[in-house]
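Breakdown of the fold
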Amino acid sequence: LETALSDKDRRILYAAPLRDDAEKIAKDIIELFILPDCPRHLRPEWRAGDGEYLFHNGSTIRFRGTNNESVERLRGFGYHLVILDECGVMDRLRYVVGIIRPLAERMGGKVILATTPAETPDHESTDLYREHFERGASVIFTILDNPRLTWDQKATILLNEGEKPEDIAGILDGSKDATHTNTLRERFSRFVTDS
């Protein structure tokens, strides 16, 4: 949204494995947390048929999918910002990035890859993360970084994931590791596999 409002005619692509996923993930966040107190003159118009927000200054946020050959339909466009979300479940991720990167380069834009670690370490997102980490071009956010959740809410989430009640305080203060694979992967962005 900041990119869309920063100048006229900004083009933003938000892509997930499926277009429906992209719309649900981002549109929910935008509608629930950002637009309720947005001034009317800045509020974008949602165009359901096109799967995009259109801003009064001509900027667009477009939602698209990458799996099932959908990425081929992205060719020809240029973007100031591309966000590839849920990369850990995208088919042929390196191919997707190979198509997307030139689309951003044409506009002097950037590409952001976002995901929790894939369930299997042989997914292309694992190597891409490591390559970006080695260049200092990565960041990790965990449940501990979420400002929308209270300590009690975080504790409840960890309990629901199966963590032991006596371990919760230590997990939340960082003195103890979670024990469940799903908790480590989904809540702490760790590269782990199920035993």
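Right, let's walk through the structure included here.

About the cut-offs
Residues numbered from 1 in each chain as written. Predicted model: local features only at pLDDT ≥ 70, side-chain atom pairs only at ≥ 80, totals over all residues. Heavy atoms only, no water. Pairing = 2+ DSSP bridges. Helix = DSSP H or I, 4+ residues; strand = E, 2+ residues; numbered from the N terminus. Axes fitted to C-alpha atoms, helices over the stretch in contact; angles between N-to-C directions. Contact = heavy atoms within 4.5 Å. Phe/Tyr/Trp six-rings, centres within 6.5 Å; stacked < 30°, edge-to-face > 60°. Lys NZ or Arg CZ within 6 Å of the ring centre and 35° of its normal.

1. With respect to the sheet that holds strand β2 (residues 45–47)
Ordered in space as β2-β3-β4-β1-β5-β6, the six strands form an open sheet in which the pairing is mixed. Bordering the open sheet on either side are β2 and β6 (110–114), each of which pairs with just one other strand. On average, adjacent strands in this sheet sit at an angle of 20° to one another, irrespective of strand direction. Examined bridge by bridge, strand β1 (residues 11–16) and strand β4 (residues 60–65) share six bridges and lie parallel to one another. Bridge pairing links R11 to T60 in β4. Helix-sheet contacts for helix α2 (residues 19–34) involve β1, β2, β3 (52–54), β4 and β5 (81–85), and the interaxial angle to β4 is about 140°.

2. Points about the packing of aromatic side chains
The way to describe two aromatic rings as a pair is by their centre distance and the angle between their planes. Using the criterion set out here, one finds six aromatic pairs in the structure. In this structure an aromatic cluster arises from ring pairing among Y14, W46, Y53 and F63. Over the face of the ring belonging to Y79 we find R11, whose NZ or CZ atom lies 5.3 Å from the ring centre. The ring of W46 carries the charged tip of K27 above its face, separated from the ring centre by 4.9 Å.

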